[in-house]
Amino acid sequence: MKIVTIVGTRPEIIKMAPVLAQMEKDDIDNILIHTGQHYDYEMSQQFFLDLELKKPEYNIEVGSNSHGKQTALMIEKIEDILKIEKPHIVLVQGDTNAVLAGAITASKMHIPVGHVEAGLRSYDKTMPEEINRQIADVCSAMFFVPTEESAINLLFENIDPNKIFITGNTIVDACIRHLKIAERKSNILSKLGITGDLLTLTMHRAENVDDPERLKNIVDALLDLKNITVIFPVHPRTLKNLKKFGLYNKLESVSHIKLIKPIGYLDFLLLLSKSKVVMTDSGGLQEEAITLNVPCITLRYNTERPETVTAGGNILVGAEKERILDAFNKICNDLGIYNKMKNAKNPFGDGNSSDNILKSILVAKKSDKLKISI
Ligand code: UD1
Ligand code: UDP
């Protein structure tokens, strides 16, 4: 049994880490391709160290570029690698350009694609991620969905139910496994001198940070937050745009906001677990927040993770100053709301997602089902 796994960005490395670890443990022949879409030390290599991952067998070093050029280069290189490696299955995770490139390439070569975190839908096709995840699901042979809701999305798209596996989300595996290590190893709280209530903030969505007006609205809200320390590890896309739109200096000028470089997974997990509230437009953070019982304010108008909202752990506020401040004030000043959000039930499984995924693949291989999709 040979499995090729493709990753390219920070969240894919984190979310595939438990699956890669399980493959090593089960002695499965596995080859790792890094597309190199994220390449800064703090967006890539740092996670290989923190998560104790092997060096990828291949790094395509695609770097930053327009979607077309980036995806085209990945397709060309992945095809060359798959010709050499001839795996039984290719695993992709999530909704990045690596998922699009990997799924298209493997399926055209008649190699089954396993989509980890399949079935998520925002139905917002202005987001590149929605296009990527829909196309990946068209190309996939095995669908590892985190929740029943995601399975239902696929059933509505006439996907064969026998190919859908409700596995939970591998982020829960990563959180559970690494939080204990983080508590032992990370000194991020003392390093940042944090006392009192803490808000962890991340944002990087193109629709927020590439739009000067939306980014300014969010920044204006952040400047008005009271009685909290905001730790903001700034994503490179966001850093570039905050500077371009003249907003970086504003954030730097107030004492309650600390701007830092993106941090490693152990530091980030510890920070998150000690936060009173998280504010984000990240997909992974919406999942981690509910896993770690931290109320989440999401800086988006929709989410492909609606389970977090229905469970009561997440509020969508878009990019509007008043809505952001209103949500923040309610969480901080109304203990009933705070407790309700904090105690929301995690919909993403119990931390055995990677095991569930690999078991499903092994069963499919044994019963020759992997070939059906070819
Ligand atoms: C990508 C994914 C997004 C995911 C996010 C995780 C796509 C379409 N987007 O968005 O779904 O949520 O990663 O963080 O696949 N840059 C650096 N150093 C790096 C990487 C990027 O400086 O190591 C800068 C470059 O200026 C680049 C910009 O950030 O142009 C955006 O990077 P890119 O990989 O295109 O998109 P992300 O916003 O990171
Ligand atoms: N993360 C991290 N360090 C940081 C910021 C985020 O380790 O400084 C982790 C976070 O715990 C989560 C993942 O990065 O697991 C989310 O990545 P991102 O927000 O870039 O992508 P998305 O989940 O939106 O695709």
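None of the values given here were measured: they were computed from a predicted structure.

A closer look at unusual backbone geometry
Inference 1: One non-glycine residue, Glu 52, lies in the positive phi region at around 50 degrees.
Inference 2: As for its placement among the helices and strands, Glu 52 is situated in the loop between helix H2 (45-50) and strand S3 (58-59).
Inference 3: Residue Glu 52 is classed as exposed on the basis of its relative accessible area, which comes to 64%.
Inference 4: The phi dihedral of Lys 86 falls on the positive side, at around 45 degrees, and the residue is not glycine.
Inference 5: Note that Lys 86 resides in the loop between helix H3 (67-85) and strand S4 (89-93).

A short note on the pattern of salt bridges
Pairing between side chains becomes possible if they bear opposite charge and their charged atoms approach one another.
Inference 1: For the structure on display, the rule yields 22 salt bridges.
Inference 2: When the shortest N-O distance is used, the salt bridge between Glu 287 and Lys 15 registers 2.8 Å. Here Glu 287 is found in helix H14 (residues 283-291), whereas its partner Lys 15 is found in helix H1 (residues 10-25), with 272 residues between them in sequence. Each member of the pair, Glu 287 together with Lys 15, is buried.
Inference 3: Between Lys 54 and Glu 57 there is a salt bridge whose closest N-O contact spans 2.9 Å.
Inference 4: On the basis of relative accessible area, Lys 54 is assigned to the partly exposed category, the value being 26%.
Inference 5: You can call Glu 57 partly exposed: its relative accessible area is 39%.
Inference 6: The network of salt bridges with shared partners includes Lys 15, Asp 95, Glu 117, Glu 130, Arg 133, Glu 287, Arg 300, Glu 304 and Arg 305.

Remarks on the packing of aromatic side chains
Inference 1: If you walk through the whole model with that rule in mind, you get one aromatic pair.
Inference 2: Centre to centre, the rings of Phe 144 and Phe 165 are 5.7 Å apart; their planes meet at 35 degrees, and the pair counts as tilted. A residue pair is termed long-range when its members are at least 10 positions apart, and Phe 144 in strand S6 (residues 142-145) and Phe 165 in strand S7 (residues 164-166) qualify at 21 residues.
Inference 3: By relative accessible area, Phe 144 is classed as buried at 1%.
Inference 4: Judged by its relative accessible area of 23%, Phe 165 is partly exposed.
Inference 5: One cation-aromatic arrangement involves Lys 243 over Tyr 248; the distance from NZ or CZ to the ring centre is 5.0 Å.
Inference 6: The side chain of Lys 276 reaches across the aromatic face of Tyr 338, ending 4.6 Å from its centre.

Calculation rules
- Residues numbered from 1 in each chain as written.
- Chains lettered and ligands numbered in written order.
- Predicted model: local features only at pLDDT ≥ 70, side-chain atom pairs only at ≥ 80, totals over all residues.
- Heavy atoms only, no water.
- Helix = DSSP H or I, 4+ residues; strand = E, 2+ residues; numbered from the N terminus.
- Buried < 20%, exposed > 50% of the residue type's maximum accessible area, 1.4 Å probe, protein only.
- Salt bridge = Lys/Arg side-chain N within 4 Å of Asp/Glu carboxyl O.
- Phe/Tyr/Trp six-rings, centres within 6.5 Å; stacked < 30°, edge-to-face > 60°.
- Lys NZ or Arg CZ within 6 Å of the ring centre and 35° of its normal.

The values are spatial; any link to function lies outside them.
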